Amino acid sequence: RVMPYWNDEILPRLHETGKSVLIISSKNLLRSLIVGITDLPIDQAVELDIPNGMPIAFNPKDGTLRAIGPLADSWPRKAEST
């Protein structure tokens, strides 16, 4: 469900306005989105830890992700097993 919304609503706004779009969501939905917009394999995305409240910037021109803020140097990392 996330990719149709990305393709129909978010991506056109990025191209039309050139402005940033803030997406706030659950870790699982963000993992699904990351798989859909990057070349990260699903098996690696499942193990990807997305800390609460960590801003992650996506560059649609080159398909890269980068963390922003004090924990940026430690990301990406694997999710801890519980």
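To be clear, the structure that these remarks concern was listed above.
This one's a predicted model, so the numbers in the text were calculated from it and none came from an experiment.

Conventions adopted
- Residues numbered from 1 in each chain as written.
- Predicted model: local features only at pLDDT ≥ 70, side-chain atom pairs only at ≥ 80, totals over all residues.
- Heavy atoms only, no water.
- Core = buried A, V, L, I, M, F, W, Y, C linked by side-chain atoms within 4.5 Å.
- Buried < 20%, exposed > 50% of the residue type's maximum accessible area, 1.4 Å probe, protein only.
- Helix = DSSP H or I, 4+ residues; strand = E, 2+ residues; numbered from the N terminus.
- Polar contact = N/O pair within 3.5 Å; in protein donor to acceptor, adjacent residues only side chain to side chain.
- Contact = heavy atoms within 4.5 Å.

(A) Layout of the nonpolar core. Leu-30, Ile-34, Leu-48, Ile-50, Met-54, Ala-67, Ala-72 and Trp-75 together form the largest nonpolar core, which totals eight residues. Trp-6, Ile-10, Leu-33 and Ile-37 belong to the second-largest nonpolar core, a separate cluster that totals six residues.

(B) Examining the side chain of Thr-38 more closely. Structurally, the position occupied by Thr-38 is in the loop between α2 (27–37) and α3 (42–46). Among the polar contacts listed, one links the side chain of Thr-38 to the backbone oxygen of Ile-34, at a separation of 2.6 Å. At a separation of 3.2 Å, a polar atom in the side chain of Thr-38 contacts the main-chain amide nitrogen of Leu-40. For Thr-38, the contacting residues outside a window of four places in its chain are Phe-58, Gly-63 and Leu-65.

(C) Representation of the environment of Trp-75. Here Trp-75 lies in the loop between β3 (64–67) and β4 (77–78). Since its relative accessible area comes to 10%, Trp-75 is described here as buried. For Trp-75 and Gly-36, which are 39 residues apart along the polypeptide, the C-alpha to C-alpha distance reads 19 Å. Setting aside chain neighbours within four positions, we find Trp-75 in contact with Leu-48, Asp-49, Ile-50, Pro-51, Met-54, Ile-56, Leu-65 and Ala-67.

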